[in-house]
Amino acid sequence: MEAVLFGHNRPDRAVTFDEYCAEGGFAALRRALAELSPAEVQQAVIDSGMRGRGGAGFPTGKKWSFVPRNLPGPRYLICNCDEMEPGTYKDRILLEKNPYLLVEGMALASYALGVQHAFVFIRRGYEQAARNLRRSVAEALSAGLLGDRILGSGFSLELDLHQSAGRYICGEETALMNALEGKRANPRAKPPFPAIKGLWGQPTVVNNVETLANIPAIISQGPAWWKGQGATPEAAGTKLFCVSGHVRQPHCMELPLGTSLGEIIDGPCRGMRPGSVFKACIPGGASTPYFTGEHWQVAMDFDPVAKAGSRLGTGGIVVFDQNTCMVAATLNLIRFFARESCGWCTPCREGLPFVRHTLEKIENGYGAADDIEILREHVHQLNYAFCALAPGAMGPLEGLLRLFEDELREHISARTCPFKTR
Amino acid sequence: MIPESLRHELQQRVAQAVTPREAAVDVLKELQAHYGWLSDEAVVEAAAILGLTPLQVEELATFYEMIYRRPVGRTVVHVCDSISCWAMGGETLLSQLEQRLGIMAGGTTADGALTLLPCSCLGNCGDGPALMVSEQLHGPVTLDSALKILGRF
Ligand SMILES: Cc1cc2nc3c(=O)[nH]c(=O)nc-3n(C[C@H](O)[C@H](O)[C@H](O)COP(=O)(O)O)c2cc1C
Ligand code: SF4
Ligand code: FES
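Peer 1: Sorry if this is basic, but what is going on with the domain arrangement of chain B here?
Peer 2: Accessible area lost on assembly of the parts is the figure often given for the size of an interface. Its domain assignment divides chain B into domain 1 (4-63) and domain 2 (75-151). Between the C-alpha centres of domain 1 of chain B and domain 2 of chain B there is a distance of 29 Å.

Peer 1: Just to check I follow, could you spell out the site of ligand 2 for this structure?
Peer 2: Around ligand 2 lies a shell of 13 residues, among which A:Cys342, A:Trp344, A:Cys345, A:Cys348 and A:Cys387 are the nearest. Taken together, the residues of the shell around ligand 2 break down into 11 nonpolar, 2 polar and no charged.

Peer 1: Would you take a moment to explain the site of ligand 1 for this structure?
Peer 2: Residue and element names in this part refer to chain A. The immediate surroundings of ligand 1 are formed by 18 residues, with Gly-54, Lys-63, Glu-83, Asn-208 and Thr-211 found nearest. Measuring from an oxygen atom of ligand 1, one finds a backbone N or O atom of Glu-83 at 2.8 Å. For ligand 1, whose accessible area on its own is 610 Å², the fraction buried by protein is 89%. A per-class count over the shell around ligand 1 returns 5 nonpolar, 7 polar and 6 charged.

Peer 1: Explain the pairing of strand 2 (residues 117-122) of chain A here, please?
Peer 2: A regular strand places its side chains so that they alternate between the two faces of the sheet. All names here are of chain A. Most of strand 2 is tucked away: 6 of the 6 residues are buried. Because side chains alternate across strand 2, one face comprises the buried residues His-117, Phe-119 and Phe-121, and the other comprises Ala-118, Val-120 and Ile-122, equally buried. Pairing of strand 1 (residues 76-81) with strand 2 involves 6 bridges; the strand directions are parallel. When the bridges of strand 2 are listed, Cys-79 appears paired with Val-120. What joins strand 2 to strand 3 (residues 158-163) is helix 7 (residues 127-142), and the crossover it makes is right-handed.

Peer 1: Is there a simple way to think about the confidence of the model for chain B in this case?
Peer 2: In low-pLDDT segments, the atomic positions of the prediction should not be examined closely. The predicted model of chain B has a mean per-residue pLDDT of 97, with 99% of residues at 70 or higher. Across the interfaces of the predicted complex, the ipTM metric reaches 0.97, alongside a pTM of 0.97.

Peer 1: How do you make sense of the interface of chain B and chain A when you look at a structure like this?
Peer 2: With 35 residues of chain B at the interface, the matching set in chain A holds 52 residues. Of the roughly 3400 Å² buried where chain B meets chain A, counting both sides, 55% is carbon and sulfur surface. The interface formed by chain B and chain A includes 2 salt bridges. Between B:Glu65 and A:Arg124 there is a salt bridge; the shortest N-O distance is 2.7 Å. Connecting chain B to chain A are 20 residue pairs in polar contact (both at pLDDT 80 or more). Breaking the side of chain B that touches chain A down by element, the ones donating at least two residues are helix 2 (24-35), helix 4 (54-61) and helix 5 (83-87) of chain B.

Peer 1: Please clarify how the sheet that holds strand 4 (residues 204-208) of chain A should be interpreted in this entry.
Peer 2: One key point about sheets: their strands pair by backbone hydrogen bonds, in either a parallel or an antiparallel sense. All names here are of chain A. Read across the sheet, 4 strands follow the order 3-2-1-4 without closing on themselves; strand pairing throughout is parallel. In the strand order of this sheet, the two ends are held by strand 3 and strand 4, each with one partner. If you compare each strand with its neighbour and ignore which way they point, the axes differ by 20° on average. Two elements, strand 1 and strand 4, share 5 bridges in a ladder whose sense is parallel. The partner of Ile-78 across the bridge, within strand 4, is Val-206. In the packing of helix 5 (residues 90-97) onto the sheet, the strands contacted are strand 1, strand 2 and strand 4, and the crossing angle to strand 1 comes to about 105°.

Peer 1: What's the story with the sheet that holds strand 9 (residues 316-321) of chain A in this structure? I'm lost.
Peer 2: Residue and element names in this part refer to chain A. Here we have 5 strands laid out as an open sheet, ordered 6-5-9-7-8, and mixed in their pairing. Looking along the sheet, the strands with just one partner apiece sit at the ends: strand 6 (252-256) and strand 8 (291-292). Summarising the sheet, strand 7 (residues 278-282) and strand 8 pair through 2 bridges and their orientation is antiparallel. By the bridge assignment for strand 8, Cys-281 is matched with Phe-291.

Peer 1: Would you explain the domain arrangement of chain A in this entry?
Peer 2: All names here are of chain A. Looking at the assigned domains, one finds that chain A contains domain 1 (17-227), domain 2 (238-321) and domain 3 (326-421). Contacts between the two partners involve 13 residues from domain 2, matched on the other side by 16 residues from domain 3. Across the interface of domain 2 and domain 3, roughly 1100 Å² is buried in total on both sides, 71% from carbon and sulfur atoms. Looking only at domain 2, the three residues that lose the most surface to domain 3 are Lys-279, Ala-286 and Tyr-290, adding up to 53% of its buried area. Linking domain 2 with domain 3 are 1 salt bridge, by the criterion used here. Where Lys-279 meets Glu-407, a salt bridge forms, and the shortest distance between an N and an O atom there is 2.9 Å. Seen at the junction of domain 2 and domain 3, the total is 3 residue pairs in polar contact (both at pLDDT 80 or more).

Quick notes on the rules
- Residues numbered from 1 in each chain as written.
- Chains lettered and ligands numbered in written order.
- Predicted model: local features only at pLDDT ≥ 70, side-chain atom pairs only at ≥ 80, totals over all residues.
- Heavy atoms only, no water.
- Domains from an automatic or database assignment.
- Near = heavy atom within 4 Å.
- Nonpolar A, V, L, I, M, F, W, Y, C, P; charged D, E, K, R; others polar.
- Polar contact = N/O pair within 3.5 Å; in protein donor to acceptor, adjacent residues only side chain to side chain.
- Areas by Shrake-Rupley, 256 points an atom, 1.4 Å probe, with all protein chains shown as cover.
- Buried < 20%, exposed > 50% of the residue type's maximum accessible area, 1.4 Å probe, protein only.
- Helix = DSSP H or I, 4+ residues; strand = E, 2+ residues; numbered from the N terminus.
- Pairing = 2+ DSSP bridges.
- Right-handed = clockwise from strand over helix to strand, strands pointing away.
- pLDDT = per-residue confidence, 0-100.
- Contact = heavy atoms within 4.5 Å.
- Buried area = accessible area lost by both parts, 1.4 Å probe.
- Salt bridge = Lys/Arg side-chain N within 4 Å of Asp/Glu carboxyl O.
- Axes fitted to C-alpha atoms, helices over the stretch in contact; angles between N-to-C directions.

Dropping the structure here:
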């Protein structure tokens, strides 16, 4: 594998505009504007097999193709840098190391989509990333790589930054559009999908930071080359994995998509920290069902992870050792989701606090045998919520019930958390 | 009341937006920076600048984790309580901080210097347990290094 996203990285600071340009930066944009039609750029993204890096893995080229070609009025591109899914910090690292990839990627995507006004929606707390982006936008503007008639072509693009004030639901694409418009960020009904009716009612594409940052390489090196960076014939491209928890060296790394879980932990993370033995992990951010030792060989790619009962999600891997109580871990996750529920629909607003209460009971030794059935029912019922937050919250709970039912039962029969008395 | 210069600055920000309320979060943040928190007076001022009703501003102000609708200390210490930090001892860190600062989570020290607030994932999960103090991320922190960051050591 060759680094696609981290190739320009310096160890201790962000790459500079001059360094990025000297290493081939903005060559893809130059080439596209000189030689390629918007349709050809879009075709390259389709051919690359790129699947969105924001969590759902939707094919990027296909998403772009939903935008109607000849509707009047503006259309928008939004880069989703809300990144509030616990265990996920890859977009922050990417922007702290190299904001230019995103600027160039957004310019290419905007060209392909006929967008003249694009936004980066960035969470609170990412001040360094936001400063980097502001600087890189200003540099690109003065180099004629953004703004009016870019590089003398007919293509113009305004790129704005929206800094949010902290709320997980703002990452959901329709809630994000409400947030950007300055409204309370409850999700919108779908359909109509954003590609038809999005920001201010106009066609809109929402893509993740990592997704857009890959576009320059797809154009400059070609889709076949890009696709070939995966670890398996099916896996297209590289992936940022951000690891946290009980490993020796938790960090954010770029690896071939499809690298196995075991290789990630034993390789770049240098195994478990001293005294720790692997028990389980969250494979792709807080809303994904657990993996255990039996999943060590699973290729970390969308379909293999789904086949193994979880989701690749954001690539945020949270590793737990033998002393971790999985009931307590799940309770922590459910507390997060219950707090971050936007309150719009009843299953989520009422259901998540009830699940939290039930898990608290069990963790504190007051659980009853039928609580397990009640939890199982909620995993099912919360799928009927208005947006994907509540079903996502059920990911780890479903994993707990499937993989750690023994541990739940032990809490109930011992009338205490076995990890507290051990 | 905010100074005329700030009002003018915010009106310009609003004028540049696609629609006035697109600038709402920016305006709330600026007013919060001026008052230290988003006071009732600030809500009314924001509404006037944005062309919204105070209720519409309230809908937004109460939605976001980093907009404070109650007075806070001069520095707010956000302690991440999400999963990666939890795995690395975040709960212990929070209770130790409560003890050493003599306040409960959500409280403000008697001298009005510090407010301690648990918060959702800060996106610093690889360096847990993590804190955010004055928009700056820190981690991994111990009780001692946290107190040092807060100038309380
Ligand atoms: C509750 C919730 C939070 C989300 N948060 C994010 C986020 O922070 N960043 C992100 O890129 N996608 C997030 N998503 C997914 C977005 O809705 C959307 O699918 C994604 O931004 C599309 O980008 P992609 O096609 O490049 O993957 C979230 C979804 C839900 C339901
Ligand atoms: S599922 Fe939760 S977050 Fe989504 S709309 Fe319903 S209440 Fe809001
Ligand atoms: S879980 Fe604490 S910073 Fe992400």
